[in-house]
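# Coordinates in review
Residues per chain, in single letters:
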Amino acid sequence: MAQCDWREKRRQVLSQARRVVIKVGSAVLAGPGGIDVSVISSLARQISELAGAGYQVLLVSSGAVAAGRAVLGDRYDPTFLPHRQAASAIGQSRIMHAYDQEFARHGRIAAQVLLTRDDLDNRERYLNLRNTLATLFDLGAVPVVNENDCVAIAELVYGDNDCLAGLLVGTVGAELFVNLTSARGVFAENPDDNPAAAPMECIDNIGELDLDALCGAKTTLGTGGMYSKLLSARRVAQLGVPTLILAGREEGALRRAFAGEAVGTFVLSGCKPIPRRKFWLAYHHDPQGTLTVDDGAVRALRDKGKSLLPAGIVDVAGDFPVGSMVRVATVAGDVIGVGLSNYAAADVRKIMGLKSSRIAQVLGEAAYAEAVHRDNLLLDPAI
């Protein structure tokens with residue numbers, strides 16, 4: 001996209017968006033001594049200004065474990081999972097207390113929302129969450145969301161709030177995702193190696209970026225790093241939502257960005273939005289197995305928008321039941337899609353390579369002609 005085009009697009013998005021998800025990471029909020037209240041104070045002030053200007057803001061805040069371990073001191077053992085869970089419980093209350101106080105200074109109500117992956121996986125609970133968040137917006141409150149790390153073992157070990165924030169963009173129908181990080185934006189080269197390196201002003205096609213080559217190591221305090229931030233940006237781009245990556249510790253970075261100043265890195269959506277249902281299916285469920293397909297099936301899926309038929313499947317990995325989320329991969333191992341399998345793994349193994357007309361002959365019935373229907377399939381997922 002031409003420079004003038006993306007600048008105008010950025011201006012339009014930041015001025016016209018009414019619902020915004022903002023994520024702030026541990027490396028921004030906390031240091032070795034615990035929570036930096038001055039950062040929370042600045043963040044609450046800027047978000048309150050946005051709310052006063054008519055924006056509805058959902059804040060996804062990390063930092064609970066980092067804050068809790070500062071309180072525990074030498075008693076904290078980072079290699080012991082129960083200690084990390086305890087640190088989360090101790091730190092979460094302290095972070096929320098700080099948010100309550102700082103938002104109250106500006107006449108705003110902070111509302112704590114703690115989530116596990118199960119809350120987003122379960123469709124009924126997901127819809128209840130969406131209704132609750134909508135009500136909080138209507139009441140003028142600022143939802144402050146974090147993973148419920150003290151009870152969600154898998155999330156504490158493998159999850160990160162970049163992922164959670166990206167999923168919530170779809171949940172609340174946000175028009176902009178802002179990720180506050182310890183860096184000034186996304187760098188094409190490591191600023192530690194080249195002090196003159198400057199952040200990229202715009203990424204116009206994040207789907208074509210080699211994230212592994214571009215991104216460095218994770219931050220000391222957080223679980224994400226720039227890789228997870230760009231992965232989330234790639235996901236929300238599929239909803240047609242752009243991302244703004246800003247330095248969370250720079251004075252007034254949020255206010256300056258919404259005032260039109262060229263700070264941080266703007267990530268364009270750059271693609272036709274997918275249905276929210278497909279987004280929910282693809283990213284709220286972990287794949288339980290892999291269907292490897294031949295070149296003909298790859299062409300049918302990508303070029304013709306077809307469903308995946310048993311005839312195109314050459315291998316099945318995993319042991320999954322009917323209706324499970326599975327990866328669809330090439331023979332070379334490249335994941336080209338994720339979708340819901342109409343058959344259990346054991347049955348897919350029996351019918352793979354066969355024409356759909358033979359499914360009933362092999363299984364005794366043919367509930368579906370497709371192994372994965374195109375309505376339940378997302379191509380080129382950001383996983």
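For clarity, every value in this text was computed on a predicted model and none was experimentally measured.

Rules used in this analysis
Residues numbered from 1 in each chain as written. Predicted model: local features only at pLDDT ≥ 70, side-chain atom pairs only at ≥ 80, totals over all residues. Heavy atoms only, no water. Helix = DSSP H or I, 4+ residues; strand = E, 2+ residues; numbered from the N terminus. Rg over C-alpha atoms; globule rule 2.2 N^0.38 Å. Buried < 20%, exposed > 50% of the residue type's maximum accessible area, 1.4 Å probe, protein only. Contact = heavy atoms within 4.5 Å. Areas by Shrake-Rupley, 256 points an atom, 1.4 Å probe, with all protein chains shown as cover. Lys, Arg positive; Asp, Glu negative; His and termini not counted. Charge placed at Lys NZ, Arg CZ, Asp CG, Glu CD. Pairing = 2+ DSSP bridges. Axes fitted to C-alpha atoms, helices over the stretch in contact; angles between N-to-C directions. Salt bridge = Lys/Arg side-chain N within 4 Å of Asp/Glu carboxyl O. Parallel < 35°, antiparallel > 145°, perpendicular 65-115°, else oblique. Nonpolar A, V, L, I, M, F, W, Y, C, P; charged D, E, K, R; others polar. Phe/Tyr/Trp six-rings, centres within 6.5 Å; stacked < 30°, edge-to-face > 60°. Lys NZ or Arg CZ within 6 Å of the ring centre and 35° of its normal. Patch = residues over 30% accessible without salt bridge, like charges linked within 9 Å, V, L, I, M, F, W, Y side chains within 5 Å. pLDDT = per-residue confidence, 0-100.

Before going further, it helps to examine the overall build of the chain. Within the chain, the secondary structure is distributed over 16 helices and 15 strands. A compact globule built from 383 residues should have a C-alpha radius of gyration of about 21 Å, and the chain, at 22 Å, falls within 12% of that. Out of the 383 residues belonging to the chain, those deemed buried represent 51%. In the chain, of all internal contacts separated by at least 6 residues, the share reaching a separation of at least 24 is 74%. Of the roughly 17200 Å² of accessible surface on the chain, a fraction of 49% belongs to carbon and sulfur atoms. Of the side-chain charges in the chain, 40 are positive and 42 negative, and the distance between the mean point of each set is 4 Å.

It is worth spelling out helix α4 (residues 64–72) at this point. Among all positions of α4, only Ala 64, Ala 66, Ala 67, Gly 68 and Leu 72 are buried. Contact partners of the buried residues in α4: β2 (30–31), β3 (34–35), α5 (81–104) and β6 (141–147). One or two positions beyond α4, positive phi appears at Gly 73, with a value near 60°.

What follows concerns the sheet that holds strand β11 (residues 290–293). The five strands lie next to each other as β12-β11-β13-β14-β15, forming an open sheet whose pairing is mixed. At either end of the open sheet lies a strand with only one pairing partner, and these are β12 (313–317) and β15 (377–379). Neighbour-to-neighbour, the strand axes of this sheet turn through a mean angle of 20°, independent of strand direction. Judged from the three bridges that link them, β11 and strand β13 (residues 325–329) form a sheet pairing that is parallel. Residue pairing in the sheet places Thr 290 in a bridge with Arg 327 of β13.

What follows concerns the pattern of salt bridges. Evaluation of the coordinates by the stated rule reveals 12 salt bridges. Between Glu 8 and Arg 11 there is a salt bridge; the shortest N-O distance is 2.7 Å. In this pair, Glu 8 and Arg 11 are both assigned in helix α1 (residues 3–16), three residues apart and thus about one turn of the helix distant. Judged by its relative accessible area of 33%, Glu 8 is partly exposed. Judged by relative accessible area, which is 46%, Arg 11 ranks as partly exposed.

Glancing now at the environment of Met 352. If you trace the backbone, Met 352 turns up in the loop between α15 (345–351) and α16 (359–363). Along the primary structure Met 352 and Ala 371 are separated by 19 residues, whereas in three dimensions their C-alpha atoms are 8.8 Å apart.

Another point: the packing of helix α7 (residues 123–138) against helix α9 (residues 161–172). Close contact between α7 and α9 brings their axes to 10 Å; oriented N to C, the two are set at 75°. Relative to α9, α7 is oriented roughly perpendicular. Where α7 approaches α9, its residues Tyr 126, Leu 129, Arg 130, Leu 133 and Phe 137 are matched on the opposing element by Leu 168, Gly 170, Thr 171 and Val 172. The residue inventory of the contact of α7 with α9, partitioned by class, reads six nonpolar, two polar and one charged.

With that out of the way, let us pick up the environment of Gly 337. Tracing the sequence through the fold places Gly 337 in strand β14 (residues 335–340). Judged by relative accessible area, which is 0%, Gly 337 ranks as buried. Along the primary structure Gly 337 and Thr 265 are separated by 72 residues, whereas in three dimensions their C-alpha atoms are 28 Å apart. Once residues within four sequence positions are removed from consideration, Gly 337 is found in contact with Val 326, Arg 327, Val 328, Leu 377, Leu 378, Leu 379, Asp 380 and Pro 381.

In this section: unusual backbone geometry. You will see that Asp 380, though not glycine, has its phi angle at about 50°, which is positive. Within the secondary structure, Asp 380 sits in the segment after β15. Overall, Asp 380 belongs to the partly exposed group, its relative accessible area being 45%.

Turning next to the packing of aromatic side chains. All told, the structure shown has five aromatic pairs when counted by the stated rule. Between the aromatic rings of Phe 279 and Tyr 283, the centroid separation amounts to 5.0 Å while the plane-to-plane angle is 70°, which identifies the pairing as edge-to-face. Linking Phe 279 with Tyr 283, this pair stays in helix α13 (residues 276–283), spanning four residues, or about one helical turn. Comparing Phe 279 with Tyr 283 shows no difference in burial state: the two are buried. Here the guanidinium or amino end of Arg 18 rests over the ring plane of Tyr 55, the centre of that ring lying 4.9 Å away.

Together, Arg 123, Arg 130, Arg 276 and Arg 277 make up a region of like positive charge exposed at the surface. If you list the elements that add at least two residues to the positive patch, you get α7 and α13. Inspection of the secondary structure assignment puts Arg 276 in helix α13.

The next thing to look at is the confidence of the model for the chain. On average, residues of the chain score 89 in pLDDT, and 93% of them reach the 70 mark or higher. This stretch, residues 217–224, has a pLDDT under 50; its non-local contacts, to residues over four places away or in other chains, come to 17 contacts.

Another aspect to go through is the pairing of strand β7 (residues 176–181). In terms of burial, β7 is a largely internal element, six of the six residues being buried. The two faces of β7 match: Leu 176, Val 178 and Leu 180 on one face and Phe 177, Asn 179 and Thr 181 on the other face are all buried. Note that strand β1 (residues 19–24) and β7 share five bridges and pair parallel. For Val 24, the partnering residue across the bridge sits in β7 and is Leu 180. The pairing of β7 with strand β9 (residues 243–247) spans five bridges and is parallel. If you follow Thr 181 over to β9, its bridge partner there is Ala 247.

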